[in-house]
Amino acid sequence: MKNTNIQNGIILIPDFSGFTEFVFNTKLYTGEYIVRQLLSILIDVNNQYFDISEIEGDAILFYKYDQKPSYQKVSKMLRNMRNAFNMKILELSEMLNTNIELSLKFIVHYGRFSQYNIGSFKKLYGKPVVEAHQMLKNDLAEQPSYALYSHSFLENSQNDEADSNKEAMHVSEVGAIQYFGSID
């Protein structure tokens, strides 16, 4: 059996930090409304650059088949998503008169994976998909809002080494972490 749908690509997972506490401390309808708004803003800012494989709780599994991904383009996309997310939190906090304790982290990975359909769902399959999910559960980050770029993504991306070095802290186990400060 031969699968011709195996390609190299980027796996991107934006995930909310603080989600469990948020769910337990927020009324059901209010929490659902806030999460829907925050996920929607991430999808809108993506502007169809990445395709969506699935949405689960507080995370989106984005992917893009790409032989030579651009570090600068992906990094800019993540900053835009993070800024829009933070602005939406401020807007919702004011509108609902509540404090929303959520931040955003990103996992960016690269490798060979396939896609298959089950009904109207597009599912991804492959080692990079599992590895990206494993990277979500890490003790590496010192701040809640960050992007974790895997070695695989950094090695395969077209990037200006000086740009990636000045923005990110290299972590030998996985790749590099770029922390987000105030809104850019």
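(A) Region of the structure containing the layout of surface pockets. Within this model, the largest pocket holds a volume of roughly 250 Å³. Together, 17 residues line the largest pocket, and Asp15, Glu56, Asp58, Ala59 and Leu136 are the ones closest to its centre. Among the secondary structure elements, those contributing two or more residues to the lining of the largest pocket are β1 (7-17), α1 (19-25), β2 (51-56), β3 (59-65) and α4 (127-136). Element by element, the count of residues in the lining of the largest pocket is highest for β1, at four residues. Grouping the constituent residues of the lining of the largest pocket by class yields seven nonpolar, four polar and six charged. Counted as a void, the second largest pocket has a volume near 150 Å³. Taken together, Gly18, Glu21, Phe22, Asn25, Thr26, Thr30, Ile34, Thr98, Asn99, Ile100 and Glu101 make up the lining of the second largest pocket.

(B) Geometry of the pairing of strand β5 (residues 121-125). Note: strand β4 (residues 103-118) against β5, five bridges, orientation antiparallel. When the bridges of β5 are listed, Ser114 appears paired with Tyr125. In sequence, β4 turns back onto β5 through a hairpin of two residues, with Gly119 there showing a positive phi of about 60°.

Cut-offs used in this document
Residues numbered from 1 in each chain as written. Predicted model: local features only at pLDDT ≥ 70, side-chain atom pairs only at ≥ 80, totals over all residues. Heavy atoms only, no water. 1 Å grid on protein atoms, 1.4 Å probe; cavity = no way out; pocket = protein on both sides within 12 Å on 5 of 7 lines; lining within 4 Å. Points joined across faces, edges and corners; volume = space filled by probe spheres on them. Helix = DSSP H or I, 4+ residues; strand = E, 2+ residues; numbered from the N terminus. Nonpolar A, V, L, I, M, F, W, Y, C, P; charged D, E, K, R; others polar. Pairing = 2+ DSSP bridges.

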